[in-house]
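Next come the chains, spelled out residue by residue.
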Number of protein chains: 2
Amino acid sequence: MELFSHEYYMNEALKQAKYAFEEGEIPVGAVIVSNNRIIARAYNQTEKLHDVTAHAEMLAITSAANSLGAKYLTDCKMYVTLEPCQMCAGALFWAQISELHFGASDPKRGFMKVNSKALHPKTKISTGILAEQSESLLNEFFNKLRK
Amino acid sequence: MELFSHEYYMNEALKQAKYAFEEGEIPVGAVIVSNNRIIARAYNQTEKLHDVTAHAEMLAITSAANSLGAKYLTDCKMYVTLEPCQMCAGALFWAQISELHFGASDPKRGFMKVNSKALHPKTKISTGILAEQSESLLNEFFNKLRK
C-alpha cells in the first residue's frame, strides 16, 4: 500500500536539503521510509562536523538503523535529492536497501558512472524525481559560493 | 622522518582488529598516523552499533578529523588490516588521505577489483603488510562462526 507518492517523500528530502543550504552546507537531503513512515531524515553536515563521511545518506542510514534497532534496511526506501557518491552507494549496498530514489544526477561524483553495479542486486532504483528543484538548489548554492 | 616502521603501525591496527574479534565483530582494525603519531584507532563495530557504516576505516576517519579539527586528512596515513570496501575507499577519497597501507586483500568486497581508481589520485597505496596475521585472524573468526 502506497499512502504517499514518490514526490511527497522527495519533497521531504528537499526540505532537508534546504536546511543544509541555510547552514552553508552543500544542499543534499535524504529521508528513509519504512512501512510508509519516514523513520530517518538527514542533510549533509560535512562542514559542521568536519567530517567527510557526514553525507546526508550516511547520516540517514545510521539514523534509520538506530530507529529499527537493526543494521539491514531491507524493507526501506531512500529518497535523496542527489545521486549518491561511491561511499554512500557502498553504504547502501551493505544496508541492502530495498529502493533508492534520487533526484538530480551527479555526472562527476555519482556512483552510476564509476560503478553502476555498486548497489545490492536486490535494490530497485529510480531517478529524476523533483530533479529540477534539487539541481536549482545546488546551482544557487555554488553560484553564491563563487561570488 | 620515519620514527616507526610500517609494520609497527600495522601491528597497532592488528591490535584493534583483535579487540573486534573479542567482541564478536568481523576482525578489522585501523589506525591513522599524522606526523608519526597515531591520532585515531578504531575497529569494526557494525554489530554492536547495528550500523553498516561502522567499519573500522569510517570510524577512524571521523576520529582523526575530530582530532585534527579538519575534514581533510591530506597529511595522514591509514593502516588497515584488510583491503577497504568501496564505501571506505569512497570515504578515503573524500578525505584525500595521503597514504593507504593495507594488510590482507579482499578479493570479494575490496575496492581494488570493483574500482581500482576509487581513491584520490594523490593517495599512495601499499599492500600486504602483516597480511598473514590479518588473514589468519579473519579465518579464525569465520571458522568459529561456522561451528
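Not measured: the values here are computed from a predicted model.

Some words on the pairing of strand 4 (residues 99-104) of chain A
All names here are of chain A.
Part 1: Burial analysis of strand 4 places six of its six residues in the buried class, which makes it a mostly covered element.
Part 2: Remark: the strand 3 (residues 76-82)/helix 3 (residues 86-95)/strand 4 crossover connection has right-handed handedness.
Part 3: Pairing of strand 4 with strand 5 (residues 124-127) involves four bridges; the strand directions are parallel. Bridge pairing in strand 5 places L100 opposite I125.

Details of the UniProt feature "active site" (unreviewed entry) in chain A
All names here are of chain A.
Part 1: Feature annotation in UniProt places "active site" (unreviewed entry) on E57, given in this structure's numbering.
Part 2: Mapping E57 onto the fold places it in helix 2 (residues 56-68).
Part 3: Excluding residues within four positions of it along the chain, E57 makes contact with A30, M78, V80, L82, P84, C85 and C88.

Digging into the interface of chain B and chain A
Part 1: Opposite the 28 residues of chain B that make contact, chain A presents 28 residues.
Part 2: Buried area between chain B and chain A, summed over both chains or domains, comes out near 2400 Å², and the portion from carbon and sulfur atoms is 62%.
Part 3: The tally of links from chain B across to chain A stands at two salt bridges.
Part 4: Linking E47 of chain A and K71 of chain B is a salt bridge whose minimum nitrogen-to-oxygen distance equals 2.7 Å.
Part 5: Linking chain B with chain A are nine residue pairs in polar contact (both at pLDDT 80 or more).
Part 6: Among the secondary structure elements, those contributing two or more residues to the side of chain B that touches chain A are helix 2 (56-68) and helix 3 (86-95) of chain B.
Part 7: Broken down by element, the residue count for the side of chain B that touches chain A peaks at seven residues, all from helix 3 of chain B.
Part 8: For the side of chain B that touches chain A, a count of residues per class yields 14 nonpolar, 10 polar and four charged.

Some words on the sheet that holds strand 1 (residues 29-34) of chain B
Residues and elements named next belong to chain B.
Part 1: Strand order in the open sheet formed by five strands is 2-1-3-4-5, and the pairing between neighbours is mixed. Edge positions in the sheet fall to strand 2 (37-43) and strand 5 (124-127), since each has one partner strand and no second. Strand-to-strand twist across the sheet, computed as the mean angle between neighbouring axes with direction ignored, equals 15°.
Part 2: Looking at chain direction, strand 1 and strand 3 (residues 76-82) are connected through five bridges and run antiparallel. Each bridged residue has a counterpart across the sheet, and for A30 the counterpart in strand 3 is V80.
Part 3: In the packing of helix 1 (residues 6-22) onto the sheet, the strands contacted are strand 1, strand 2, strand 3 and strand 4 (99-104), and the crossing angle to strand 1 comes to about 140°.
Part 4: The strands that helix 2 touches are strand 1, strand 2 and strand 3; relative to strand 2, the one it contacts most, it runs at about 145°.

A word on the UniProt feature "domain: CMP/dCMP-type deaminase" (unreviewed entry) in chain A
Part 1: Under the UniProt annotation, "domain: CMP/dCMP-type deaminase" (unreviewed entry) lies at residues 4-127 of chain A.
Part 2: Helix makes up 35% of residues 4-127 of chain A and strand 24%, and the two end C-alpha atoms of the span are 17 Å apart.

Quick look at the packing of aromatic side chains
Part 1: Enumeration over the complete set of coordinates arrives at 16 aromatic pairs over all chains.
Part 2: Three or more aromatic residues joined by ring pairs make a cluster, and in this case those are F4, Y8, Y9 and Y79 of chain A.

Points about the packing of helix 1 of chain B against helix 5 (residues 131-146) of chain B
Residue and element names in this part refer to chain B.
Part 1: Running from N to C, helix 1 and helix 5 cross one another at 5°; their axes reach a closest spacing of 11 Å. For the element pair helix 1 / helix 5, the angle class is roughly parallel. Within the contact between the two elements, helix 1 uses L14, A17, K18 and F21 and helix 5 uses Q133, S134, L137, E140, F141 and K144.
Part 2: A per-class count over the contact of helix 1 with helix 5 returns five nonpolar, two polar and three charged.

Analysis parameters
- Residues numbered from 1 in each chain as written.
- Chains lettered and ligands numbered in written order.
- Predicted model: local features only at pLDDT ≥ 70, side-chain atom pairs only at ≥ 80, totals over all residues.
- Heavy atoms only, no water.
- Buried < 20%, exposed > 50% of the residue type's maximum accessible area, 1.4 Å probe, protein only.
- Helix = DSSP H or I, 4+ residues; strand = E, 2+ residues; numbered from the N terminus.
- Right-handed = clockwise from strand over helix to strand, strands pointing away.
- Pairing = 2+ DSSP bridges.
- UniProt positions renumbered as here; feature names shortened; annotations may be inferred.
- Contact = heavy atoms within 4.5 Å.
- Buried area = accessible area lost by both parts, 1.4 Å probe.
- Salt bridge = Lys/Arg side-chain N within 4 Å of Asp/Glu carboxyl O.
- Polar contact = N/O pair within 3.5 Å; in protein donor to acceptor, adjacent residues only side chain to side chain.
- Nonpolar A, V, L, I, M, F, W, Y, C, P; charged D, E, K, R; others polar.
- Axes fitted to C-alpha atoms, helices over the stretch in contact; angles between N-to-C directions.
- Phe/Tyr/Trp six-rings, centres within 6.5 Å; stacked < 30°, edge-to-face > 60°.
- Parallel < 35°, antiparallel > 145°, perpendicular 65-115°, else oblique.

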